[in-house]
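Spelled out from the first residue to the last, the chains are:
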Amino acid sequence: MEDWIETAISDWKLSDTKLNPGTSLAEIVNTEKLLGFNFPEDFKQLYLKVNGFVDWDWQQHMFSLWPLNRIVEEYTKSDNNFVGFCDFLINSHSIGFKKDLKGIFKNYDADSICESFAEAIVMINNSSDLIY
């Protein structure tokens, strides 16, 4: 497991965030088919270890990492170009992918906040100003 994954999981456990067990590669592939979107490899690596947070639980900075089923559920409510994976303060805003652009975005902003999923998780756990 890569360092950023170990660090993220450790941070979440230390803050008593309730984590879902990892999912299977088959379930990730099935979700990709439903969304018409291929997740990047770093997303898959984390979700094989942790399939988001239990229910609406959040970490100390009030971000909730969604399990695959919630990603699909939220996607059906979106503009079908945005694939969210996380929200702040119970859906104040979401963070995710845009199907037609590289990087990580807020659901309300055209500018990316970072280049990779791994970088976004680190920013979320470190409470970077760019994610609010």
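Residues numbered from 1 in each chain as written. Predicted model: local features only at pLDDT ≥ 70, side-chain atom pairs only at ≥ 80, totals over all residues. Heavy atoms only, no water.

Draft legend 1. Just the packing of helix α2 (residues 25–35) against helix α4 (residues 68–75), in detail. Where α2 contacts α4, the axes come no closer than 10 Å and their chain directions differ by 0 degrees. By the angle class used here, α2 and α4 are roughly parallel. Judged by residue contacts, E27, I28, T31, L34 and L35 of α2 engage L68, I71, V72 and Y75 from α4. Residue classes in the contact of α2 with α4 are distributed as seven nonpolar, one polar and one charged. (Axes fitted to C-alpha atoms, helices over the stretch in contact; angles between N-to-C directions. Helix = DSSP H or I, 4+ residues; strand = E, 2+ residues; numbered from the N terminus. Parallel < 35°, antiparallel > 145°, perpendicular 65-115°, else oblique. Contact = heavy atoms within 4.5 Å. Nonpolar A, V, L, I, M, F, W, Y, C, P; charged D, E, K, R; others polar.)

Draft legend 2. Geometry of the pairing of strand β4 (residues 82–88). Of all the seven residues making up β4, seven are buried; the element is thus mostly covered by neighbouring parts of the structure. Where strand β3 (residues 63–65) lies against β4, three bridges are found, and the strand directions are antiparallel. Looking across to β4, one finds that F63 is bridged to F88. Where β4 and strand β5 (residues 93–98) come together, six bridges link them in antiparallel fashion. By the bridge assignment for β5, D87 is matched with S94. From the end of β4 to the start of β5, which pair antiparallel, there are four residues, and L89 there has a positive phi angle of about 50 degrees. (Buried < 20%, exposed > 50% of the residue type's maximum accessible area, 1.4 Å probe, protein only. Pairing = 2+ DSSP bridges.)

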